[in-house]
Amino acid sequence: MKHPLPAEPRHIGILRLSALGDVCNLVPTVRALQRQWPEARITWITGKAEHSLLAGLSGVEFVVYDKATGLAGMRALWRELADTRFDALLHMQQALRASVLSLGLKADVRVGYDKARAKDAQHWFTHRQLVPHPRAHVLESFLDFARLLGVEDLSLDWDLPVPESAVTEAAALSGETPYLLLSPCANPRLRNFRNWSAEGYAAVIEHAWTQHGLRALLTGGGSTAEREMGERIQSLCRPEAVIDAIGRSSLKGLLALIDRAKVVIAPDSGPVHMANALGTPVVGLYATTNPDRAAPYRWRDYVVNRYPDAVRTYLHKEPEAIPWGQRVRHPDAMSLISAEDVIAQLERVLARPAPRKETETPDEA
């Protein structure tokens, strides 16, 4: 017998710990739940960095789990929520760590992915599974949780909070000159080759500066690899064309920088989805990741897509013949993207009328 789903949930739990791009893609589901049940409490259990990005999201209570604390941190979180029982726990993290964490949470019904989408045997930890949705975008997969609960209005809305302190921080870094924002490095993960070349970025920067008077603002964390990439890009560019903000902004400051940018250019990483959430035009660079699954949702038509070429070149298969979302784990795959590819999409973005932020998709402008 299936566990019944609540008709009028009073308290909804969301379990999604990471990553930055994914939590941005989840926010429209939260907004849809809030529209359907405006009186319901929503508690979101998330990671430390993700909370620093989402802090202040209206109508949401956050409980933070720092993955570095391991099982001790889980026990502390279970104690914190010992008196909390959710009408529905939406288990949105396909990872064994999150499933173990879910075991210490009280819920009338636990909702997770269908078997085809459930990684690390997540379906063993849930009572109800989503209706199968083959070849779904990540954002649509999150909305499937709202669909299962009976939510009717699934229109996209984010309303990410950008505090005034972040706006001030961004202005101090960027100045008043119009700029495009480049975030050249994705988070390093084992055999996850998503970074493009410094030479490619330099060619795009030269074009944007000479043809449009746009400076390039470089962003990223303070890791050695990111700083070295920034230095390499700058060594190939004229100094007046580049603003180096790598390692110099908070996550809220990065949101404000993205909000002020004319366009964002980056590989598959948090900033492309942050830009998507804010309504800032974005050119995503995709070769190792399938953009049909993970591109910035409202700007899919402006992605540089060399994923099919990478699949054929390095996996020796047709894209339709491989599992949905399979990565191309080859260090040369991103070299299939040319500077001309990126410049062409940049020109398309700059030539179109600017949409109104947040509420309008590019096709509606």
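Reading guide: rules and limits
- Residues numbered from 1 in each chain as written.
- Predicted model: local features only at pLDDT ≥ 70, side-chain atom pairs only at ≥ 80, totals over all residues.
- Heavy atoms only, no water.
- Helix = DSSP H or I, 4+ residues; strand = E, 2+ residues; numbered from the N terminus.
- Rg over C-alpha atoms; globule rule 2.2 N^0.38 Å.
- Buried < 20%, exposed > 50% of the residue type's maximum accessible area, 1.4 Å probe, protein only.
- Lys, Arg positive; Asp, Glu negative; His and termini not counted.
- Charge placed at Lys NZ, Arg CZ, Asp CG, Glu CD.
- Contact = heavy atoms within 4.5 Å.
- Core = buried A, V, L, I, M, F, W, Y, C linked by side-chain atoms within 4.5 Å.

*Asks:* In this structure, what is going on with the overall build of the protein chain? I would like to understand it.
*Replies:* Helix and strand counts for the protein chain stand at 13 helices and 14 strands. Radius of gyration (C-alpha) of the protein chain: 21 Å, near the 21 Å computed for a compact globule of 365 residues. Overall, the C-alpha framework of the protein chain stretches about 65 × 50 × 45 Å when taken along its three principal axes. Of all 365 residues assigned to the protein chain, the portion counted as buried reaches 54%. Positive and negative side-chain charges in the protein chain, numbering 43 and 43 respectively, have mean positions lying 6 Å apart.

*Asks:* What's the story with helix α10 (residues 270-278) in this structure? I'm lost.
*Replies:* Given 3.6 residues to a turn, an α-helix orients residues that are three or four positions apart in the same direction. Taken across its 9 residues, α10 has 9 buried, putting it largely inside the fold. Buried within α10 we find G270, P271, V272, H273, M274, A275, N276, A277 and L278. Packing partners of the buried residues in α10 comprise α1 (20-36), α2 (48-54), α9 (251-260), β12 (264-267), β13 (282-286) and α11 (291-294). Downstream of α10 by one or two residues, G279 has phi in the positive range, about 80 degrees.

*Asks:* Whenever I open this one, the nonpolar core confuses me. Can you help?
*Replies:* Considering soluble globular proteins, one finds that nonpolar side chains tend to be buried as a cluster. Ranked by internal contacts, the top residues of the largest apolar core, which has 99 residues, are L33, W44, L90, L160, I265 and L285. Residues within four places of I265 in sequence aside, it is in contact with L180, L181, L182, S183, Y201, V204, V283, L285, V342 and L346. Within the second largest apolar cluster, 14 residues are counted, among which are I45, M74, L101 and A107.

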